[in-house]
Amino acid sequence: MIQRVCRPWHPHSVLPLAARLHVAVLALLLVTVPAAAQTSELDEVDDPLADLKPVMVVNFASADRVLSTIDFVLNSVDRPELYAALLGEPLSALENLDWMDRERPYGMMLYVKPALPPQPTPVFFLPVKDVRGLIAVFAKGPLTARKRGEAEGYYEFVGRRQSFYMSYAGGYAFLSPDEELADLEHADPLEANATLTSRYDAALSIQLDNMPPLVREVFINFLRASAEAELQQRDEEPEAAYRIRRAYGISTLELLTQTLEHGERFVIGLDASAEQKKAIIEAAIDARAESDFADYLDTVGTKPTRFHSLINDYQPLTASLSWAMDKRERTAATELVAGLELALSGQLPTEAGEGGSINRFCNVLRKTVEAGHFDFCTQFVMDETGQFVLVGALRTDPGEDLSLPLRQVLTAVSTNPDIEADVEIDAAKYERTAIHRITPDDSRDEDRRLYGRAPDILCAATPGIFWFAIGGDGAQTAMEFAMDLVAEAGTAPVESRTPPFQMIFRVSPWLELPPPPNNPPQVREIAGEAFDNLNDSLQIEVRPTETGLRLRAEFAEGFIRLIGTAIARQYDESQL
């Protein structure tokens, strides 16, 4: 009988991803027995589980909301009949969820007992209005229900290899392969997960604050040991590349350690709205109040970007990073500049050394790092012929002149026979700014597909900004237009706290490019059916919150239609 119930989750099934997630979780709760945790207690205490709290929670707002989201996806492509075709059989196997309170949250909690090695053990929670109905669903599998004691709702379900246990309280059934965990006095999920339920259809919350200190310390030590081995210099790895990789590896390790030591929780959630015709995915990290980690998260968005005038929602792609760097990030960025100087000195020895053009060029970057503000914007734009151009700008120390060392470095590049590129100094002038052009001797097929021909690289330095553009005949015009926008907005007031990261991506312009070689034609066909100029945007934004940092990704209706179209096509092909 288990095979009949589980058949819809075969790898070749046409059941949609969201539907599989919803129904598979329920089936997992009812017919699957996870491996029980076998732990050895390290400390002799009266009740080692008295203060135990879940380290992770998976929460679905309700069965009705999840099923409504699936219905929304299928209706977005005018295929409502697929709801019954895809979900009818698995829902029937689960008695149409008649035993379940379909308006209350359900999901799973993961516990880690204070023991070594750490053994995560799940406790599933289900809102049940008919316990007998739930038992009847279990009876469909090779499970035998046995009451435990006299209290109502306490059962052991005996399987072929292992048992798992159920307790019942407050309208919820709690199920686990660990009898002690099943019988814990659990908080009411409706209250404990109220924020997750109100904000998201489905969410995962990692409760870092609930991780046993011993387990946390072991995990941190494991990360440090693994990183130390990984950050050794590799055979034949250039010194410059090694210094950069090691600096950012150490910075990442310190950030992970800080997160584990001072983070409270990490949440990722999904909310799909049929009324607003969009889907939102959020990821948020909260830090302990008054910790260094909390101070760091609070300050990352305190530096407004100089390039706010470039950020718009009609170009193929715009990304802006305006990040207030802490000491850890400044150290890593300083090593990046040192590695860049080392690499350039190896290629251009005549410009190396103290006072050389490479040193002066990198000194400008070092002073930019010391100021503690990384401000960068890049943008794909379409020129008049419909070809793409990549334009970028990096804020530099306004008190230092970058134009002269840039000219000298590029002059040295132009005379180096080992560098396979043509360099034209002063290829053009715009206002009083010299624009230099680099044309590599070779280019990739992907570059020619994107830019319309073998691309040129343009670069220039205005006071406080390094500019570059990559593209064909329209590259210079696109870069000059961006320069004008930034110059005109230079004195305009901006928010004191702007999003430290913003990205806006539009799908439709990319579909106008020639398709990549060996790209299955049905991929572009499905995308063409799903997107148009009014429903093709993806907007990502990172902002500090009162307790940490939140990333928000907003998907327009075209992305929902993309999922619905793919599901419909797969189903139709399965019926042939």
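The structure under discussion appears in the preceding block.
The model shown is predicted, which means the values in this text are computed figures rather than measured ones.

About the criteria used
Residues numbered from 1 in each chain as written. Predicted model: local features only at pLDDT ≥ 70, side-chain atom pairs only at ≥ 80, totals over all residues. Heavy atoms only, no water. Salt bridge = Lys/Arg side-chain N within 4 Å of Asp/Glu carboxyl O. Helix = DSSP H or I, 4+ residues; strand = E, 2+ residues; numbered from the N terminus. Buried < 20%, exposed > 50% of the residue type's maximum accessible area, 1.4 Å probe, protein only. Core = buried A, V, L, I, M, F, W, Y, C linked by side-chain atoms within 4.5 Å. Contact = heavy atoms within 4.5 Å. Patch = residues over 30% accessible without salt bridge, like charges linked within 9 Å, V, L, I, M, F, W, Y side chains within 5 Å. Areas by Shrake-Rupley, 256 points an atom, 1.4 Å probe, with all protein chains shown as cover. Lys, Arg positive; Asp, Glu negative; His and termini not counted. Charge placed at Lys NZ, Arg CZ, Asp CG, Glu CD.

Draft legend 1. Spatial organisation of the pattern of salt bridges. Here the structure, examined in full by the defined rule, presents 37 salt bridges. Salt-bridge contacts for Asp188 lead to Arg104; the nearest nitrogen and oxygen are separated by 4.0 Å. In this pair, Asp188 sits in the loop between α6 (179-182) and α7 (189-192) while Arg104 sits in the loop between α4 (82-93) and β2 (106-112), placing the two residues 84 residues apart along the sequence. Given the relative accessible area of 28%, Asp188 is considered partly exposed. When its relative accessible area of 18% is taken as the criterion, Arg104 is described as buried.

Draft legend 2. Region of the structure containing the nonpolar core. If you look at the biggest cluster of nonpolar residues, it comprises 47 residues, and the most contacted ones within it are Leu297, Phe361, Phe380, Leu406 and Leu549. Each residue touching Leu297, except ones within four places of it in the same chain, is listed here: Ile285, Ala287, Pro544, Gly548 and Leu549. Counting residues in each nonpolar core, the second largest holds 43 residues, with Val73, Leu86, Met100 and Leu126 among its members.

Draft legend 3. Highlighting a negative patch on the surface. Taken together, Asp418, Glu420, Asp422, Asp441 and Asp442 make up a surface patch of like negative charges. Turning to its location among the elements, Asp418 is positioned in the loop between α14 (403-414) and β14 (421-430).

Draft legend 4. How the structure looks around unusual backbone geometry. Residue Asn96 is not a glycine yet carries a positive backbone phi of 55 degrees. Mapping Asn96 onto the fold places it in the loop between α4 and β2. A relative accessible area of 39% means that Asn96 is categorised as partly exposed. Here Leu97, not a glycine, exhibits a phi torsion of approximately 60 degrees, which is positive. As for its placement among the helices and strands, Leu97 is situated in the loop between α4 and β2. Judged by its relative accessible area of 0%, Leu97 is buried.

Draft legend 5. Highlighting the environment of Pro118. Mapped onto the elements of the fold, Pro118 is located in the loop between β2 and β3 (120-127). When its relative accessible area of 35% is taken as the criterion, Pro118 is described as partly exposed. C-alpha of Pro118 to C-alpha of Arg216: the two residues are 98 residues apart in sequence and 9.9 Å apart in space. Ignoring sequence-local partners within four residues, the contact set of Pro118 consists of Val112 and Val215.

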